[in-house]
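# Tertiary structure, described
In case you want the letters, here they are:
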Amino acid sequence: MKGLGLASIATAVLSGALFATSVSAADLPPIVIKGSHFFYENGTEFFIRGVAYQQDVSSNGTSSTDGSFTDPLADAAGCKRDVPLLKELGTNVIRVYAINASLDHSVCMGLLQEAGIYLIQDLSNPSSSINRNSPAWNTELFASYAGVVDALANYTNVLGFFAGNEVSNEVNNTNASAFVKAAVRDMKAYIKTKNYRSIGVGYATNDDAAIRINLAHYFNCGNASESIDFWGYNIYSWCGDSSYTLSGYDQRTLEFANYSVPAFFAEYGCNTVQPRKFTEVQAIYGKNMTGVWSGGIVYMYFQEANNYGLVSLSGSTASKLPDFTALKSQLALATPSGTASSAYAVTNTVAQACPATGTAWAAASALPPIANANVCSCMVSSLSCVANSGLTGNQTASLFSTVCGLDSKACAGINANGTSGVYGAYSMCSASQQLSFAFDQYYKNQNKASTACAFGGNAKIQSGSTSSSCSSLIAQAGTAGTGTVTSVPTGAAASGSSSSSTSTKKSAAGTVTVPRFNSGFLQLGAYLLVAGMAGAGMILL
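Residues numbered from 1 in each chain as written. Predicted model: local features only at pLDDT ≥ 70, side-chain atom pairs only at ≥ 80, totals over all residues. Heavy atoms only, no water.

## Quick word on the overall build of the protein chain
- In terms of regular secondary structure, the protein chain is built from 14 helices and 20 strands.
- Sorting the 541 residues of the protein chain into buried and exposed places 57% on the buried side.
- A sequence separation of at least 24 residues applies to 77% of the contacts in the protein chain between residues at least 6 apart.
- Summed over its atoms, the accessible surface of the protein chain is roughly 20100 Å², and 51% of this surface lies on carbon and sulfur atoms. (Helix = DSSP H or I, 4+ residues; strand = E, 2+ residues; numbered from the N terminus. Buried < 20%, exposed > 50% of the residue type's maximum accessible area, 1.4 Å probe, protein only. Contact = heavy atoms within 4.5 Å. Areas by Shrake-Rupley, 256 points an atom, 1.4 Å probe, with all protein chains shown as cover.)

## Here's the deal with the layout of surface pockets
- By volume, the largest pocket amounts to about 390 Å³.
- Surrounding the largest pocket, 23 residues form its lining, Ile33, Lys188, Ile228, Asp229 and Val261 being those nearest its centre.
- At three residues, the largest contribution of residues to the lining of the largest pocket is made by strand β1 (residues 31-34).
- Split by residue class, the lining of the largest pocket holds eleven nonpolar, eight polar and four charged. (1 Å grid on protein atoms, 1.4 Å probe; cavity = no way out; pocket = protein on both sides within 12 Å on 5 of 7 lines; lining within 4 Å. Points joined across faces, edges and corners; volume = space filled by probe spheres on them. Nonpolar A, V, L, I, M, F, W, Y, C, P; charged D, E, K, R; others polar.)

## Section: the packing of helix α10 (residues 373-382) against helix α13 (residues 468-477)
- Interhelical geometry of α10 versus α13 gives an angle of 95 degrees and a closest axis separation of 9 Å. One finds that α10 runs roughly perpendicular with respect to α13. Across from Asn374, Val375, Cys378, Met379 and Ser382 in α10, the residues of α13 making contact are Cys470, Leu473 and Ile474.
- Across the contact of α10 with α13, the residue classes break down as six nonpolar, two polar and no charged. (Axes fitted to C-alpha atoms, helices over the stretch in contact; angles between N-to-C directions. Parallel < 35°, antiparallel > 145°, perpendicular 65-115°, else oblique.)

## Observations concerning the pairing of strand β13 (residues 317-320)
- Across four bridges, the pairing between strand β12 (residues 311-314) and β13 is antiparallel. What sits directly across from Leu313, in β13, is Ala318.
- The loop that links β12 with its antiparallel partner β13 comprises two residues; one of these, Gly315, has a positive phi angle of about 65 degrees. (Pairing = 2+ DSSP bridges.)

## Concerning the pattern of salt bridges
- Taken as a whole and assessed by the stated rule, the structure comprises twelve salt bridges.
- Residue Lys277 is joined to Asp241 by a salt bridge in which the shortest nitrogen-to-oxygen separation is 2.7 Å. Separated by 36 residues along the polypeptide, Lys277 in the loop between β10 (263-268) and α8 (280-284) and Asp241 in the loop between β9 (231-234) and α7 (249-255) bring together distant segments of the chain.
- Accessibility expressed as a relative area gives 41% for Lys277, which makes it partly exposed. (Salt bridge = Lys/Arg side-chain N within 4 Å of Asp/Glu carboxyl O.)

## Quick look at the sheet that holds strand β11 (residues 293-298)
- The eight strands are arranged β4-β5-β6-β7-β8-β9-β10-β11 in a closed barrel whose pairing can be described as parallel. The average angle at which neighbouring strand axes cross in this sheet is 25 degrees, direction not considered.
- Bridge analysis of β9 against β10 gives four bridges, and the strand direction is parallel. Paired with Asn234 across the two strands is Glu267, which belongs to β10.
- Its contacts with the sheet place helix α4 (residues 139-152) against β6 (118-122) and β7 (158-165), and it is angled at close to 170 degrees to β7.

## Looking at the nonpolar core
- One finds Trp137 and Trp231 to be the most contacted residues of the largest nonpolar core, which totals 148 residues.
- Of all the elements, helix α5 (residues 176-193) adds the most residues to this core, at ten residues.
- Not counting residues within four places of it along the chain, the set of residues in contact with Trp231 comprises Tyr203, Thr205, Leu215, Ala216, Phe219, Phe256, Tyr259, Val261, Pro262, Ala263 and Phe264. (Core = buried A, V, L, I, M, F, W, Y, C linked by side-chain atoms within 4.5 Å.)

## Description of the packing of aromatic side chains
- Using the criterion set out here, one finds 37 aromatic pairs in the structure.
- The ring of Tyr218 is capped by Lys181, whose NZ or CZ atom sits 4.8 Å from the centre of that ring. (Phe/Tyr/Trp six-rings, centres within 6.5 Å; stacked < 30°, edge-to-face > 60°. Lys NZ or Arg CZ within 6 Å of the ring centre and 35° of its normal.)

## Focus: the state of the cysteines
- Tallied over the full model, the rule gives seven disulfides.
- Sulfur-sulfur distance for the disulfide between Cys79 and Cys108 comes to 2.0 Å. As the torsion about the S-S bond is roughly 100 degrees, the Cys79-Cys108 disulfide counts as right-handed. Of this pair, Cys79 sits in helix α2 (residues 76-89) while Cys108 is found in helix α3 (residues 106-114), placing the two residues 29 residues apart along the sequence. Like Cys79, the residue Cys108 is buried in the burial classification.
- Here Cys404 engages in a disulfide with Cys411; their sulfurs sit 1.9 Å apart. Across the S-S bond linking Cys404 and Cys411, the dihedral sits near -90 degrees, which makes this disulfide left-handed. Like Cys411, Cys404 is buried. (Disulfide = S-S within 2.5 Å.)

## Section: the packing of α4 against α5
- The contact between α4 and α5 brings their axes to 11 Å, and the two run at 45 degrees. Between α4 and α5, the angle falls in the class oblique. Of the two elements, α4 crosses α5, and the hand of that crossing is right-handed. Contacts between α4 and α5 involve Phe142, Tyr145, Ala146, Val149 and Asp150 from the former and Ala183, Asp186, Met187, Tyr190 and Ile191 from the latter.
- Here the residues of the contact of α4 with α5 sort into eight nonpolar, no polar and two charged. (Left-handed = near helix turned anticlockwise from the far one by under 90°.)

## Examining the sheet that holds strand β2 (residues 37-40)
- A sheet is described by the order of its strands in space; here three strands give the open sequence β1-β2-β3, paired in antiparallel fashion. Strands with a single pairing partner mark the edges of an open sheet, and in this sheet they are β1 and β3 (45-46).
- Where β2 meets β3, two bridges bridge the pair, whose relative direction is antiparallel. By the bridge assignment, Phe38 is partnered in β3 with Phe46.

## Let's talk about the confidence of the model for the protein chain
- Chain-level statistics for the protein chain give a pLDDT mean of 88 and a share of 84% at 70 or above.
- Scored below 50 in pLDDT, residues 1-25 shows 52 contacts in the model against residues more than four places distant or in partner chains.
- Across residues 495-541 the pLDDT falls below 50, and counting only partners more than four positions away or on other chains, this stretch makes 125 contacts in the model. (pLDDT = per-residue confidence, 0-100.)

## Some thoughts on α10
- Inspection of α10 places Ala373, Val375, Cys376, Cys378, Met379 and Ser382 among the buried residues, and these make up the whole buried set.
- Buried residues along α10 sit in contact with α4, α12 (431-445) and α13.
- The N-cap of α10, judged by a side-chain oxygen 3.0 Å from the amide nitrogen of Asn374 a few residues on, is Asn372. (Polar contact = N/O pair within 3.5 Å; in protein donor to acceptor, adjacent residues only side chain to side chain.)

Put into structure tokens, the structure is as follows:
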């Protein structure tokens, strides 16, 4: 489709025939959300014609052989090679799964701007994400996610962020959704606190019949400050020459007919029939779906072992594959009928009801505490008994076993249970900070006996103090750490956090387990399971 300038956009609004794809300007107009649709600031409806753009990274951010990945938005040469091809396809959005926030993205973002292409960026990466099997939301993850926001928020062609991708993918790990929704809440608050323009934060889900409805309702329910701004659906049910009904697109459309925020296909493009024909494109942008769905993102640009590529790379050369030609042809034929914002009356104003916890759903509507690093540093400063610095992951895990096994009440303030919705105020702190809190609680519960702050020489006495700036935070958390702290962090910093696209180094909380309590048993779980743990009633997740 021929590129449109800003003047042409206004003309297209009047004609009602804009596909919102190839806007080219020095600074693209931001995309805004009204009800369940996307719009340009001038009121023209925006439909996503997207392509997933990243090599060598797990799309769900929960597993990686070594934690390394390549940041495609920091690869200027790659962007100079690929952006013209993306524009040729008719792409107006790319989805990137992981970036290194410390690198320079200006060249690639500028090339995307010039090509009229927007970005939807996942906040996690293979080394820094919410693990579905042992979920946690903590200050290290907050710092990593906020770093991505800081790196990209000032580019007007950033459409939004995904706080998670397919984290809960079975009924037995839906408790992880509580932690992802806490990430949504905190990133939305962070964007607002930093006075960035309004940028949406959403979630991308897989198409699992057992949980897809509950997932969609859970992330949409409750207070708007905690719920998603848009919903991404990874769906591969249209294969070959399928149809609107055979693929189940008709049923998915009915299910989202009353959804209160924009929904789109965050991944699509079944490859069981090859080469792919992409006949689903006409349905996605056709009259049956555009009233509910805002387009979709094809998986994916690069050809890899999974055989989903649109182009293949040989050295620095990209060669078009048959899928490229097929997708280009289908997108050129698609002409969705958009509605001007001024003519759009929002009727989907009521959020979905939160699903009840039970055999089919395990995430409580109550969310983990705000990941505020100031709360954690204030807490440690106030303690009388703290853990020694420099403890290994195995040592820390074993000491958790010891102190929580001796006195379960000492660990109430660091508990996090996504199913019961019970969370300690310090459950979002680093492992070393949580261990210090548990040591101090045990020490105080033992009337500060001299032997109660020993733990095999791994703890020490300090002169605890609470500054005036910390008083309110400590008071909200409560003596046992079971209160609720409502203060929102104003910066991305977190103790021990780091960001790297190639390093496998992790912060303390990323390499050890921290305790959770469930039905009276001590459960240990976070990013890595650590060997050498002892203690009665111990269950490794």
